[in-house]
Amino acid sequence: MIFRHLLPCLFAATSASAAVDFSHQIVPILREHCAECHAGDKKKGGFSFNDRESLMEGGEDGAVVVNGRSAESALIKAILSTDPDEQMPPKGKRVPAEQVALLKQWIDEGLAWEEGFAFKKPAYEPPLKPRSPVLPAAVDGRDNPVDRILDHYLADKKLPRPASIDDSTFVRRAYLDLIGLLPTAEEVATFVKDAGPDKRIRLINTLLKRDMDYTEHWLTFWNDLLRNDYGGTGFITGGRKQISNWLYHALITNMPFDQFVRELIAPPNDESRGFIDGIKWRGDVSAGQTVEIQFAQSVSQSFLGINMKCASCHDSFIDRWKLSEAYGLAAIYSSRPLEINRCDKPIGQQAVPSWLFPEIGQVDAKASQPERLKQLAALMTNPQNGRVPRTIVNRLWQRLMGRGIVHPVDAMQTEPWNADLLDYLATDFVEHHYDLKHTLALIATSQAYQSHAQVVTKGIDDRGYVYAGPRTKRLTAEQFVDAIWQLTGAAPTKMDAGVLRGKVDPELARQIKIQGQWIWGSSAKPGSTPPSGETITLRKTLKLDADPASASAVVTCDNGYTLFVNNRKISAGDDWTKLAAVPLQTALRKGANSILVTATNAGKGPNPAGFFFEARVRDATGKEIAIRSDETWEWTTKALPTKEGRLGAFEAKDWQPVTVVKALGSWQQVIHAQAPSLLAQGASASDHMIRASLMKSNFLMRTLGRPNRDQIVTARPNDLTTLEAIDLANGSVLAEAIAKGALRLLAAKTSSTSALITGLYRQALCREPSASELATAQSLVGEKPTQQALEDLLWAVCMLPEFQTVR
């Protein structure tokens, strides 16, 4: 592509992440040589480096450090000086050359600073219990509570209110923030033409009702926060479990957040258990990587905004948390006595199960592990616990507005820049039944959200943060890829996430006819009753002409089953009264497929037994086939060998036809009450584009900042790196998508190149091209566009900062 050679020049200023370790290399140098006069309450010469803001303020003689330029920094000059009146430190041994080199490197690399760190912490302790602030009076009819608080804040600081954005900017921002997709050109045009005074409120509410789009956008946020993914460390060996299907269901049904938290901390079933179980690393691990310590770190970070990593090794020097508190939280999860380790060495003390805020209650250290988890879940969602609501509303504010009310979002011990705003959002969230969508709507319908965004520049907060409106945000890797797929039609037809996609369509459910039969082995033949404890293996083989675009099944067994598809464990259950809805799209494939089931009868004596299965599989053309349990299945007494969730070698030679069992009335009641709606849910997703949030990470997404999720991630980088610039210029994943898009533009046979270019700008940027942009693009593609010319046009538009940001 003819423009691509320019990209390294455009992003020449980008750099790899800093090599200097602030906490372990810079802090000890400053403590040893400088803190006596310039840290804590000491401010000799008017200069303090107690925190980063103080460092950047400088002293009586001006700036002490120049960000990115150590040679111009007074700090380095003073350290190197031999003049007794100028040298620093003024007395004692000089700073060694290797430490000076580290200080220079630190300054040159941008003065990295541990978020929330200060040499001496201010005497601030955030409130635990909720607080309902009194709202200031509305000004100029701006009665959204967010605006009432922020208008008062700006007036108090004698600052102007940020100007409102135009309709096309607003509609693009709202779509990307709330559902992660670009609006179509038609959707933008319809919104702009709407003369209704409440059209922005109506749009916000409409977007939040697009349940499937909302869910598949916010999966990215929650997968990061709960370190859930579809592949990677631990999944192959069985040391890690997905919570994908549970999470998808929780989002698409807008599960109240208090219930959401309880089901993650004290799982009612295996579907949500992967969060607290963490990753069972193979081999020997440090004390800080055990599943018990992972539990303490995950629960405190995700729900309380507390970074427990330091306190998991030793008493934290970043905030007030102690080693004993981290281990107390870990001991709630532990099913064995847990010895405290300091810096990976045992100290001879046993951890006592306890949580961090005993003033509102405490767990019973003598209770069983499941009971302790239930007690912790209750404490987390106790009405007197204002910490959890504050933490989640702060995260939502950060996602929509570009910066948290408390910053960073995992440093909730830090004082908020507006306590009234944080507390109002938190109490309002609880009063509206922990409704995440309600809080998103409250923020998005405010004039504050709908105002001009600040462009984030280096050093913007060096002297402290002052609210001046929302901030521009880079598209996440998933948003960028989704937008590319929208423009090019290059989305995949098969997803990686093991989720039952979509939401129940009642009309479609009424049309579905269930025809599966209950089956078992020969012990269920007429005149016989299966014995209790009998275990059999069932099999169905089939061939598909194409990869499925969507596939889902319902399955149950009286009494228990484990289902494998193509040698992979898919589902298991032991309650026949509840049909399991099973996503199969990622398990089935073009060609030969094998379904194997271990089915078990329980009870204390001979009793009826049966297995039921029904699936709907659709390909990209919409062709649908049904797979049902019926007389075509086979059975054997040979047991399936399993290890770490997968089948071992299995060669049974005594397969026999199954027995079709006469269904009990209670069995059929369950099937007819549940199966149609569950199968309709799977079918409802077939006309929706596969989203990047449903895919395993690829090289493009990784270079654009998608984490591997071995650790919790609550904020992705907002700066472009050299690696990203190179991959955007030369990466095969993006190039292939753009090539498909160029072919689609050619096939569209647009009336003119002007119309083609204008349509692309409308879709990508939600606006018309300027006269100069149109002229430049026309000169690029010519009167008779070629595939190569259209590839260049697509690439050039997608490289615009305007395309890659939410403004």
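Details of the structure are given in the entry above.
Residues numbered from 1 in each chain as written. Predicted model: local features only at pLDDT ≥ 70, side-chain atom pairs only at ≥ 80, totals over all residues. Heavy atoms only, no water.

1. Quick word on the overall build of the protein
- Summing up its helical and strand segments, the protein has 30 helices and 18 strands in all.
- Referenced to the eigenvectors of the C-alpha coordinate spread, the extents of the protein come out at roughly 105 × 80 × 55 Å.
- The burial tally for the protein puts 53% of its 807 residues in the buried class.
- Once local pairs closer than 6 in sequence are excluded, the contacts in the protein between residues at least 24 apart make up 71%.
- Total accessible area on the protein stands at roughly 35,500 Å², and carbon and sulfur atoms take up 52% of it.
- Counting 93 positive and 92 negative side-chain charges, the protein places the averaged centre of each group 3 Å from the other. (Helix = DSSP H or I, 4+ residues; strand = E, 2+ residues; numbered from the N terminus. Buried < 20%, exposed > 50% of the residue type's maximum accessible area, 1.4 Å probe, protein only. Contact = heavy atoms within 4.5 Å. Areas by Shrake-Rupley, 256 points an atom, 1.4 Å probe, with all protein chains shown as cover. Lys, Arg positive; Asp, Glu negative; His and termini not counted. Charge placed at Lys NZ, Arg CZ, Asp CG, Glu CD.)

2. Comments concerning the state of the cysteines
- One pass over the full model with this rule turns up zero disulfides.
- The thiol sulfur of Cys798 is not disulfide-bonded, and the nearest other cysteine sulfur, from Cys766, lies at 13 Å. (Disulfide = S-S within 2.5 Å.)

3. Side note on the environment of Ser54
- Mapped onto the fold, Ser54 is located in helix 4 (residues 52–57).
- For the pair Ser54 and His38, spaced 16 residues apart in sequence, the C-alpha to C-alpha distance is 9.8 Å.
- With near-sequence residues (within four places) excluded, Ser54 lies in contact with Phe47, Ser48 and Phe49.

4. Some remarks on helix 27 (residues 753–765)
- Relative to the 18 Å expected for 13 residues at 1.5 Å per residue, helix 27 spans 18 Å between its end C-alpha atoms, a close match to the ideal helical length.
- All of the buried residues in helix 27 are Thr753, Leu756, Ile757, Thr758, Leu760, Tyr761, Gln763, Ala764 and Leu765.
- Just past helix 27, the residue Cys766 takes up positive phi, approximately 65 degrees. (Expected span 1.5 Å × (residues − 1).)

5. Quick look at the nonpolar core
- With 158 residues, the main nonpolar core has Trp222 and Phe257 as its most contacted residues.
- Beyond its immediate sequence surroundings of up to four residues, Trp222 is in contact with Arg227, Leu247, Leu251, Phe257, Phe260, Ile392 and Leu436.
- Ala524, Ile536, Ala587 and Ile595 belong to the second largest nonpolar core, which has 46 residues in total. (Core = buried A, V, L, I, M, F, W, Y, C linked by side-chain atoms within 4.5 Å.)

6. Regarding the side chain of Gln294
- Tracing the backbone shows Gln294 in helix 15 (residues 291–304).
- Ignoring sequence-local partners within four residues, the contact set of Gln294 consists of Arg227, Gly278, Ile279, Trp281 and Gln289.

7. A few points about the pattern of salt bridges
- Per the counting criterion, the structure on display carries 43 salt bridges.
- Residues Arg539 and Glu634 are paired through a salt bridge, measuring 2.6 Å at the closest nitrogen-oxygen approach. Here Arg539 is found in strand 5 (residues 535–544), whereas its partner Glu634 is found in strand 13 (residues 634–636), with 95 residues between them in sequence.
- On the accessibility criterion, Arg539 (23% relative accessible area) is partly exposed.
- Taking the shortest distance from any N to any O, the salt bridge between Glu802 and Arg767 comes out at 2.8 Å. Placement of Glu802 in helix 30 (residues 801–804) and of Arg767 in the loop between helix 27 and helix 28 (771–781) is noted, with a sequence separation of 35 residues between them. (Salt bridge = Lys/Arg side-chain N within 4 Å of Asp/Glu carboxyl O.)

8. Focus on the side chain of Thr805
- Turning to its location among the elements, Thr805 is positioned in strand 18 (residues 805–806).
- In this structure the side chain of Thr805 is engaged in a polar contact, spanning 2.7 Å, whose partner is the backbone oxygen of Pro801.
- If we ignore the near neighbours within four places in the chain, the residues touching Thr805 are Arg172, Lys473, Arg474 and Leu475. (Polar contact = N/O pair within 3.5 Å; in protein donor to acceptor, adjacent residues only side chain to side chain.)

9. What to know about the packing of helix 7 (residues 145–156) against helix 19 (residues 419–431)
- Closest axis-to-axis distance for the helix 7/helix 19 pair is 10 Å, and the angle between their directions is 170 degrees. The pairing of helix 7 with helix 19 is recorded here as roughly antiparallel in orientation. Note on element contacts: helix 19 touches helix 7 through Asp420, Leu421, Tyr424 and Leu425, opposite Pro145, Val146, Ile149 and Leu150. (Axes fitted to C-alpha atoms, helices over the stretch in contact; angles between N-to-C directions. Parallel < 35°, antiparallel > 145°, perpendicular 65-115°, else oblique.)

Limitation: the analysis is restricted to geometry and does not speak to function.
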